[in-house]
Protein chains: 2
Amino acid sequence: MSRLGGLLGREPVVVAVGAPAPAEALEQRAVAVLRVRWRPPPAAAVEALNAVLGDPRHAQADATAAERLLAARPHLVDVRPAGQALGLEPDVLLHAGPPLEWERAAGPMRGALIGAVLLEGLASSPEEAERALACGAVRLEPCHRRAAVAPMAGVISASMWVLVVEDAAERPPRRACCPLLEGPGEALRHGAYGPQVIGRLRWMGAVLGPVLRRALRRHGPVDLVALAAQALQMGDELHARTRAATLLLLGELAADIAAAGAPPPDLAAVLRFLSGNDHFFLGAAMAAAKVSADAARGVPGSGAVVAMACNGTDFGVQLSGTGDRWFTGPAGPREAASGIGDSAIMETVGLGAFAPAARRMRQITLAEHPVFRVPPSPAGTATGIDVTRVVRTGILPVIGTARPGAAPFEPPPQVFADALRALARQVR
Amino acid sequence: MSRLGGLLGREPVVVAVGAPAPAEALEQRAVAVLRVRWRPPPAAAVEALNAVLGDPRHAQADATAAERLLAARPHLVDVRPAGQALGLEPDVLLHAGPPLEWERAAGPMRGALIGAVLLEGLASSPEEAERALACGAVRLEPCHRRAAVAPMAGVISASMWVLVVEDAAERPPRRACCPLLEGPGEALRHGAYGPQVIGRLRWMGAVLGPVLRRALRRHGPVDLVALAAQALQMGDELHARTRAATLLLLGELAADIAAAGAPPPDLAAVLRFLSGNDHFFLGAAMAAAKVSADAARGVPGSGAVVAMACNGTDFGVQLSGTGDRWFTGPAGPREAASGIGDSAIMETVGLGAFAPAARRMRQITLAEHPVFRVPPSPAGTATGIDVTRVVRTGILPVIGTARPGAAPFEPPPQVFADALRALARQVR
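So, here's what we can say about the structure. Keep in mind the model is a prediction, meaning the values are calculated, not measured. (Residues numbered from 1 in each chain as written. Chains lettered and ligands numbered in written order. Predicted model: local features only at pLDDT ≥ 70, side-chain atom pairs only at ≥ 80, totals over all residues. Heavy atoms only, no water.)

### Quick word on the layout of surface pockets
Estimated volume of the largest pocket: approximately 460 Å³. As for the largest pocket, its lining consists of 23 residues, of which Gln233 and Pro375 of chain A together with Gln233, Pro375 and Pro376 of chain B are closest to the centre. For the lining of the largest pocket, the elements supplying multiple residues, two or more each, are α8 (224–233) of chain A together with α8 (224–233) of chain B. Each residue belonging to the lining of the largest pocket can be placed in one class, and the counts come to 13 nonpolar, four polar and six charged. (1 Å grid on protein atoms, 1.4 Å probe; cavity = no way out; pocket = protein on both sides within 12 Å on 5 of 7 lines; lining within 4 Å. Points joined across faces, edges and corners; volume = space filled by probe spheres on them. Helix = DSSP H or I, 4+ residues; strand = E, 2+ residues; numbered from the N terminus. Nonpolar A, V, L, I, M, F, W, Y, C, P; charged D, E, K, R; others polar.)

Structure below.
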């Protein structure tokens, strides 16, 4: 073989890039053309891309962020009231997505905030609750700021019980929390705050949480990576579908729930709640995703996306290399967007809507997950969204919802461009 | 288009059947050849095939048998001691497969029979049990004769608890039973009869059975077709893999188990047994398969296979059109064959090892199941084995075991030829 690797001895091949006309003309003459999908980078982003990709720290920074994300080994370790688990003050409410003021909150978010104020006894009527929220007597903070995530409206108040997940790969263990999922029907996470909704939340605090806590103490930490990997093999994608994972968790805990010392009617109610709530595992999955994404935070120069979330008004992202700053854009039509919440943390770590779209998403991600696979593909799920690839290709992360069959959420492209520019400004 | 359907206007195509030489010669001359896999019927079977296929009742008989098999809607309705559910006398033991005498029983079958005699208190030592079995003081009968099936050695005695399955499609409902599966480790079904094995069987009769019975009474009948169809979507094939189905059943029953009024330690033990016993659902699946296959029995002229089973010494089949007669052949090497039992009833109805092999098995079956599908195939599972197709093609039904990864059992071909000849002799 010649030094050209036999290049001149082979049939020539035409490779076409860009405008289709020349390739079409050749193809009409029966010349085989290999078309390469390539687009020039968006003109407005060239400068920022050059700065970030030219940053000598960049490649290693992204590799480090991806490595930490993939190394996480989240375990479900406890179930506690948010006040204890998150140090949440009684007059603070957490909410999904980037920071939000009451004035800008959409309907479902307002409903959930009002419900939480009523649940905490901070007001005795919805009107009084609205006033407390409007005047700042009750303060708002994003869940993400307290190492927490929550689905839909994503409101957490001090007396709500949360699943506590720890990453066993870090010493001391990193921790993240997500509330116990309310189950089907009217729910605070959709903005409802009627007596049934508040009543169920009180039962969850009085019965479900304590029983699960005692069961988990008896059982010991639950390895959520093992459980999630198994569930992916059983048809879950762990955002819209968590039925297999919920059943696997029920199987893990059922005997210890029965032995937790609660009265039989309470035991039956807890088991009925878990087996009738296909989404229950989503809380554990989201906390596991949060603790994994948080492991990738704070690597200077890295454009790895470590959070995507929506508060019903704004959609926002955070990057590993830009600290706690949110880059935000409109969440889209108010009613539709209210379904997003923090659960896009599942796509942030390559699960949920990313799972069936792994091949396309692999074009904007840093790595394949070493454990998570979605049959029949032998490849790992596409993990670690790279803001430079998103801006460079124009391929947006696909974001699902917890409602099977619902249209995926399309994030506003400009938030990724803004995040990239902020990262570029940090290049020395 | 001409009356020949455009045949003469198209490029001619060569279709090759039989010996490969002519097709190869044409292919070497770049002539496209459509090769049809066809073999002449085995000479010894031509007469019987002609008789059965020429029987004017045959096509309709097979259609009727397949229709009844596919129409079955088995529900889990009760859990009871075999003595009550099957009218089983205290001195009768049921066993897997076709009829068997003690003298011809293989090691694992002997062990299981001895264990059952000890469990029933019919003997006080293994030696005494052997004598009782050898002299006929304890009588043997196939499970199939009592509308029952059981895995592996498949021994059922009066005090063992069985799952009772009814076919809601028939009035009065047809019924079939299968024992509660013992769980992992040493077990009677493998021929072990040590104190731990007998102790677990006693616990199953004293605690597990009664708790499940009360739970099922509270819950009402469990639709096993719905549950099995869901489990197939979650990766089970319902013979080697029943984990998803077991979890789905646990999810269905957990709350009613907790409410069944048993002491908490018993509840915890029952839930731990169920969640730690991936094969538990196999008992329900086998009884459901039995009640479905039995629906196809007794259609004069039909060559549909309604039972395949192995007693560790003989493998046997029964046909719809030949009554209760077994057609038997050697089960193969003694130790290997002892793993077969009645669980080939799963393949008899097109599940188990048939599920992943549906395309090949479709060549020897009468129908596609209208509900059962194995992703990613959009086709129904291949259901209703047709003895004429088995003999005609030489393709044998593939039979799995409850041990994942174990080699499938190869049934002796001659039993199908024998069964076909018996069916031929019934043609008027």
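### Side note on the pattern of salt bridges
All names here are of chain A. All told, the structure shown has 42 salt bridges over all chains when counted by the stated rule. Ionic pairing is found between Asp278 and Arg243, a salt bridge with its closest N-O pair at 3.7 Å. Taken as a pair, Asp278 in the loop between α10 (264–275) and α11 (280–295) and Arg243 in helix α9 (residues 243–258) lie far apart in primary sequence, 35 residues in all. Accessibility expressed as a relative area gives 35% for Asp278, which makes it partly exposed. One network of salt bridges, in which partners are shared, links Lys290, Asp294, Arg297 and Asp324. (Salt bridge = Lys/Arg side-chain N within 4 Å of Asp/Glu carboxyl O. Buried < 20%, exposed > 50% of the residue type's maximum accessible area, 1.4 Å probe, protein only.)

### Topic: the sheet that holds strand β9 (residues 305–310) of chain A
The strands that make up a sheet are held in pairs by hydrogen bonds between backbone atoms, and each pair lies either parallel or antiparallel. All names here are of chain A. If you trace the three strands from one edge of the open sheet to the other, you get β9-β10-β11, paired in antiparallel fashion. Looking along the sheet, the strands with just one partner apiece sit at the ends: β9 and β11 (327–330). Direction aside, the axes of adjacent strands within the sheet are offset by 15° on average. Examined bridge by bridge, strand β10 (residues 314–319) and β11 share four bridges and lie antiparallel to one another. Residue pairing across strands places Asp314 opposite Pro330, the latter belonging to β11. Sheet strands in contact with helix α16 (residues 414–425) are β9, β10 and β11, and its direction is about 160° off that of β11. (Pairing = 2+ DSSP bridges. Axes fitted to C-alpha atoms, helices over the stretch in contact; angles between N-to-C directions. Contact = heavy atoms within 4.5 Å.)

### Some words on the sheet that holds strand β7 (residues 174–179) of chain A
Residue and element names in this part refer to chain A. The strand order across the open sheet formed by four strands is β7-β6-β3-β8, and the pairing between neighbours is antiparallel. What marks the edges here is a single partner per strand, and that holds for β7 and β8 (222–223). In the packing of α11 onto the sheet, contacts are made with β3 (74–81), β6 (161–167) and β7, and the angle to β7 comes to roughly 150°.

### So, the packing of aromatic side chains
According to the stated counting rule, one finds six aromatic pairs over all chains in the structure shown. Taken together, a centroid distance of 5.5 Å and an interplanar angle of 50° make the contact between Trp203 of chain A and Phe273 of chain A tilted. Placement of the pair is Trp203 of chain A in helix α7 (residues 195–219) and Phe273 of chain A in helix α10, with a sequence separation of 70 residues. Note on Trp203 of chain A: relative accessible area 23%, which makes it partly exposed. A relative accessible area of 13% means that Phe273 of chain A is categorised as buried. Both rings, one in Phe315 of chain B and one in Phe409 of chain B, keep their centres 5.4 Å apart while their planes meet at 40°; by these two values the pair is tilted. Here Phe315 of chain B is found in strand β10 (residues 314–319), whereas its partner Phe409 of chain B is found in the loop between α15 (387–393) and α16 (414–425), with 94 residues between them in sequence. No difference in accessibility class separates Phe315 of chain B from Phe409 of chain B, as the two residues are buried. Connected via pairs of aromatic rings, a cluster forms that spans Trp203, Phe273 and Phe280 of chain A. Of note, Arg110 of chain A hangs over the ring of Trp102 of chain A, and the distance from its end group to the ring centre comes to 4.5 Å. (Phe/Tyr/Trp six-rings, centres within 6.5 Å; stacked < 30°, edge-to-face > 60°. Lys NZ or Arg CZ within 6 Å of the ring centre and 35° of its normal.)

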